[in-house]
Structure formats: structure tokens, C-alpha cells
Amino acid sequence: MGTATLPASNKSWVDKLPIISHLKMSSGLQRGMLISGLVLTGLFLIAAIFAPLIAPFGFAQSGNANGDFPRQAAPGGDFIWGTTSGGYDVFSRTIFGAQTAIFVIIAAVVMSLFLGVLLGLVSGYLGGWFDRIAVMLSDAIYAFPSLLLAIVMSIVISQGQSKVFGGVMAAAISITVVFIPQYFRVVRAEVMRLKAEPFVESAQVIGASPWRVMFTHLLRNATRTLPLIFTLNATEALLTLAGLGFLGFGIEPTSASEWGYDLNRAMSDATSGIWWTGLFPGLAIVVTVLGMTLVGESMNDLNDPRLRRFSRKKAKRITEAGVGA
């Protein structure tokens, strides 16, 4: 029997990035889902970053040099998606709404990532009474509905004034509190598994401090699955913000554009046959959530060898390599 020689790995650091590596290993339907999700998410990011250049009007602009904008005007002419009952351009508010959404996602997920990973590292490595208390608190937090917590935070932070800071931070803080246990449990489980590995024991033998072991040897190896949780939690953050605005605890239209608030204001329009004021903000939520969900689910499938699907050519090559070994 011949001996198969495995080619040396010459992948660059770019090829090892989460999205790039998943694209290279994907095929068929999984690749289509991943690319579709990336395209939809990319459109969302482009709209958020370049909103002032894409939108023809400001999010709170209801008039120009020619006079006030018409109220509830049908799509067409200068207003390609029509106008709202307040005289705002629907297209401009939908585009600027992406900015508000990205602010909440970044604030919420970054804060929960930082706190959840830190607590997971310390709890999993040190154990003892701190670990027991942290696990008990994380279980208790699951009993708090994120939307209810967001409403309470909105009242406490903004004090009845739905300004952009109050609305964004109310959603971000409530989502952070709810998401911390997810990151905490994932990192804690990985740290508890890894701290018995030889490379960790070797670091302890040579006198490395607990903090050095945690942040130098354990952190990188315990956070490999976090990009998957990030994409899925980003969608929940967006839906929480939209639910907050829809219930009337969102951001005032003169402070920032927010899709949930626009849907709330469009409810009375729908009964009058005015469909455009609610259709486009609703589609923005659906498309953005769908894009992020497709990316997260595709990455999850590709990370699991049991769910990963190979192309016929790649499967044949793997089979031949196994037979020749």
C-alpha cells in the first residue's frame, strides 16, 4: 500500500478569516445560501454607511425650497416610495433606518461579547464559588424577556423622551443583558475543556499567571464559534429595536429614523389603502434579518462536519485520498 503525503498548508491569514474560509469550503445549496446572505447583509451595510449619499432627502425633512412635501403621496416622481402622513420621504427614512439599526447591533453585541467572554474565561478557568454564582445568575437572566426589559430601560434612560441616545441605548443595554449568558456559557464550556490540555498545563508549570494563561492561551482557542453567535444575535437585536419602536417606545422621527416606529405610524394608513408607508420599512426588516440569518445558519452548518456538504469533485478527491493511504 502506498503512503499518501498530505500537502503542506500554505493558507494565508486572509483564507482563515471566518467568512472567507466558509466560502472556500462551501458548495451547492450551502454556498448559495451563504452568498445570498452575504449579498443581503452587504446591501444593509452599504445603506447604513452611505445613507447620506443614497437618500435624496434627510430622514426628518418634510419640505424643500419648493414648499412642504405632500402628505401620504403615492410612489412616483421625486418620491419613489411615496411619503408618510407626516410628509417624510419613505425611501429616505428607510435608508437612514439602516444607520440606527447598525448602531444598536454594534453597541449591543460588542458590549455583550466583551462582558460574556470575560466572565466565561474567569468562571471556566477559576471555577469555585465564582463559577457557581455566575452560572446561577446566567440562568436567572434567561427569565427576563428582552423586549420587556427594553421597554423598562427606555423609560429609565430616556425618561419619556425618545431621543436617539435613549432609544438606541435602551435597546442596546437590554439586549446586552440578555445576550451575556449565551457568550458566557459557550466560552465557559470551551475553557473548562481546554484548561486540561497539555499546552495549558505547560504554561502553568513554567509559572505563567492565571491572567496570562486565560488571555494568551485560552482566549483565542475558546472564541472560535463566536462569529456564529454574533450573526444570529445581531438579528435578535434588530428585531428587539423594531419591536420597541412598534410599541411606541422607539425614537422620535425628528431624532433618527427607525423602522419599527415607521411601522407603528403606518398602521392607520393600511386601513385607508395606503400601503407604501408600511411596506418598505417592513421589507427592510425582513430582508436584513433574512440576510443575517442565512449567513449565521450557513456558517453553523459548515462548521459542523455532520452537516457540511461537499461537491462531487471534492468528495471524490477525499475518497481517493483515503483509499490511497
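Residues numbered from 1 in each chain as written. Predicted model: local features only at pLDDT ≥ 70, side-chain atom pairs only at ≥ 80, totals over all residues. Heavy atoms only, no water.

Draft legend 1. Structural view of the packing of helix α4 (residues 90-126) against helix α11 (residues 259-270). The interhelical angle for the contact between α4 and α11, taken along N-to-C directions, is 135°, at an axis separation of 9 Å. Here α4 lies oblique to α11, going by the angle between them. For the pair α4 and α11, the contacting residues are Arg93, Thr94, Gly97, Ala98 and Ala101 in the first and Trp259, Tyr261 and Asp262 in the second. In the contact of α4 with α11, the residues fall into four nonpolar, two polar and two charged. (Axes fitted to C-alpha atoms, helices over the stretch in contact; angles between N-to-C directions. Helix = DSSP H or I, 4+ residues; strand = E, 2+ residues; numbered from the N terminus. Parallel < 35°, antiparallel > 145°, perpendicular 65-115°, else oblique. Contact = heavy atoms within 4.5 Å. Nonpolar A, V, L, I, M, F, W, Y, C, P; charged D, E, K, R; others polar.)

Draft legend 2. Expanded view of the pattern of salt bridges. A complete count under the given rule lists four salt bridges for this structure. The partner of Arg188 in a salt bridge is Asp131, with the nearest N and O atoms 2.6 Å apart. Placement of Arg188 in helix α7 (residues 164-194) and of Asp131 in helix α5 (residues 128-141) is noted, with a sequence separation of 57 residues between them. You'll find Arg188 and Asp131 in the same group, each marked buried. (Salt bridge = Lys/Arg side-chain N within 4 Å of Asp/Glu carboxyl O. Buried < 20%, exposed > 50% of the residue type's maximum accessible area, 1.4 Å probe, protein only.)

Draft legend 3. Expanded view of the side chain of Thr176. Here Thr176 lies in helix α7. Given a relative accessible area of 5%, Thr176 falls into the buried group. A polar atom in the side chain of Thr176 sits 3.2 Å from the backbone oxygen of Ala108. In contact with Thr176, not counting residues within four places along its chain, are Ala107, Ala108, Met111, Ser112 and Leu115. (Polar contact = N/O pair within 3.5 Å; in protein donor to acceptor, adjacent residues only side chain to side chain.)

Draft legend 4. Representation of α11. The first and last C-alpha atoms of α11 sit 16 Å apart over twelve residues, in line with the 16 Å expected at 1.5 Å per residue. Within α11, burial applies to Trp259, Gly260, Tyr261, Asp262, Ala266 and Asp269. Between a side-chain oxygen at the N-terminus of α11 and the backbone nitrogen of Gly260 the separation is 2.8 Å; the capping residue is Glu258. (Expected span 1.5 Å × (residues − 1).)

Draft legend 5. Structural view of the environment of Arg193. Within the element layout of this structure, Arg193 appears in helix α7. Classification of Arg193 by relative accessible area gives partly exposed; the value is 47%. In sequence terms Arg193 and Gly124 are 69 residues apart; their C-alpha atoms lie 8.8 Å from each other.

Draft legend 6. Representation of unusual backbone geometry within the structure. Its identity as a non-glycine residue notwithstanding, Gln72 has a phi of 55°, on the positive side. Relative to the helices and strands, Gln72 is located in the loop between β2 (67-68) and α4.

Draft legend 7. Summary view of the confidence of the model for the chain. The share of residues in the chain with pLDDT of 70 or more is 79%, and the mean pLDDT across the chain is 78. Predicted confidence in the chain is weakest over helix α13 (residues 312-324), with a mean pLDDT of 47, and strongest over helix α3 (residues 51-54), with 92. (pLDDT = per-residue confidence, 0-100.)

Draft legend 8. Structural detail: the nonpolar core. Membership of the largest hydrophobic core comes to 53 residues, with the highest contact counts inside it found for Phe44, Ile105, Leu218 and Trp259. Contributing elements (two or more residues each) for this core: α2 (28-49), α4, α6 (146-158), α7, α8 (198-205), α9 (210-222), α10 (226-249) and α12 (276-303). When residues in this core are grouped by element, the largest group, 14 residues, is from α4. In contact with Trp259, other than residues within four places in its own chain, are Phe44, Arg93, Thr94, Gly97, Ala98, Ala101, Leu238, Pro281, Ala284, Ile285 and Thr288. (Core = buried A, V, L, I, M, F, W, Y, C linked by side-chain atoms within 4.5 Å.)

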